[in-house]
Amino acid sequence: MASIESVLTKNAPQPVGPYSQAVKVNGFLYVSGQVPLTPAGALVESDDIQVHTRQVLDNLKAVLEAGGSSLEKVVKVNVFVLDIAQFGKINEVYAEYFSKSKPARSLVAVAALPLGVPLEVEAVAVVDN
């Protein structure tokens, strides 16, 4: 049977519900959706989607590193946004974080997100054993 390990780091916001920041199993790290909260748990206060995107991707990076992976080892990303018109601005920041690797990705508009945030990002990454 596969060993399942929960990942928790103080370098990203703590879960706001009954879930792990990430779960490691069979050489993969499944990172829960990250939202624009600071590691201290404060919502990002800005109208700029790029500011929100940077915080989300900083959180994602911190959880990946805590789980023994990195942005370069991400194989799949799911991005959920409230306003699909922000696609270009989100992509500009996303390209900075994923400049070396180009994981598979979905970006979809949704009706609402937790805490009223404008975007959420989840990922799956490879973990070296």
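Presented here is an overview of the structure given in this document.

What counts, and where the lines are drawn
Residues numbered from 1 in each chain as written. Predicted model: local features only at pLDDT ≥ 70, side-chain atom pairs only at ≥ 80, totals over all residues. Heavy atoms only, no water. Helix = DSSP H or I, 4+ residues; strand = E, 2+ residues; numbered from the N terminus. Buried < 20%, exposed > 50% of the residue type's maximum accessible area, 1.4 Å probe, protein only. Contact = heavy atoms within 4.5 Å. Salt bridge = Lys/Arg side-chain N within 4 Å of Asp/Glu carboxyl O. Core = buried A, V, L, I, M, F, W, Y, C linked by side-chain atoms within 4.5 Å. Polar contact = N/O pair within 3.5 Å; in protein donor to acceptor, adjacent residues only side chain to side chain. Patch = residues over 30% accessible without salt bridge, like charges linked within 9 Å, V, L, I, M, F, W, Y side chains within 5 Å. Areas by Shrake-Rupley, 256 points an atom, 1.4 Å probe, with all protein chains shown as cover. Phe/Tyr/Trp six-rings, centres within 6.5 Å; stacked < 30°, edge-to-face > 60°. Pairing = 2+ DSSP bridges. Axes fitted to C-alpha atoms, helices over the stretch in contact; angles between N-to-C directions.

In this fold, Leu 64 is placed in helix α1 (residues 49–66). You can call Leu 64 buried: its relative accessible area is 0%. When the C-alpha atoms of Leu 64 and Ala 125 are compared, they prove to be 7.7 Å apart, with 61 residues separating the residues in sequence. Sequence-distant contacts of Leu 64, that is, excluding residues within four places in its chain, are made with Leu 29, Val 31, Ser 69, Ser 70, Leu 71, Val 74 and Ala 125.

Let us now look at the pattern of salt bridges. Evaluated as defined, the whole model comprises three salt bridges. Two residues, Lys 24 and Glu 5, come together in a salt bridge whose shortest N-O distance is 3.9 Å. A residue pair is termed long-range when its members are at least 10 positions apart, and Lys 24 in strand β2 (residues 22–25) and Glu 5 in strand β1 (residues 4–7) qualify at 19 residues. For Arg 54, the salt bridge is made with Glu 96, and the minimal N-O distance between the two is 2.6 Å. Of this pair, Arg 54 sits in helix α1 while Glu 96 sits in helix α2 (residues 87–97), placing them 42 residues apart in sequence. A relative accessible area of 33% places Arg 54 in the partly exposed class.

Bringing the nonpolar core into the picture now. The tendency in soluble globular proteins is for nonpolar side chains to be buried side by side. The biggest cluster of nonpolar side chains holds 28 residues, and the ones touching the most others in it are Leu 60, Leu 64, Val 77, Phe 98 and Val 121. Looking at this core, the elements with two or more residues in it are β3 (28–34), α1, β4 (74–81), α2 and β6 (119–126). Per element, the largest residue contribution to this core is seven residues, and it comes from α1. When neighbours within four sequence positions are excluded, Val 77 is seen to be in contact with Tyr 94, Phe 98, Pro 103, Ala 104, Arg 105, Ser 106, Val 121, Glu 122 and Ala 123.

Within the secondary structure, Thr 9 is located in the loop between β1 and β2. Within the structure, Thr 9 has its side chain in polar contact with the backbone nitrogen of Asn 11 (distance 3.1 Å). In this structure Thr 9 touches Gln 14, Gln 21, Ala 62, Val 63 and Ala 66, once residues within four positions along its chain are discounted.

The next point concerns a nonpolar patch on the surface. On the surface, Val 16, Tyr 19, Leu 43 and Leu 115 cluster together to form a nonpolar patch covering roughly 380 Å² of accessible area. Checked against the element boundaries, Leu 115 lands in the loop between β5 (104–109) and β6.

With that settled, the discussion passes to the packing of aromatic side chains. Scanning the entire structure with this criterion turns up two aromatic pairs. Geometrically, the ring pair formed by Phe 28 and Tyr 30 is tilted, given 6.4 Å between the ring centres and 45° between the ring planes. Assessed through its relative accessible area of 40%, Tyr 30 is described here as partly exposed.

All right, on to the sheet that holds β3 then. Taken in spatial order, the six strands of this open sheet run β1-β2-β3-β6-β4-β5, and their pairing is mixed. Looking at which strands have only one partner, the edges of the open sheet turn out to be β1 and β5. Averaged over all pairs of adjacent strands, the angle between their axes in this sheet comes to 15°, without regard to strand direction. Two elements, β2 and β3, share four bridges in a ladder whose sense is antiparallel. By the bridge assignment for β3, Lys 24 is matched with Leu 29.

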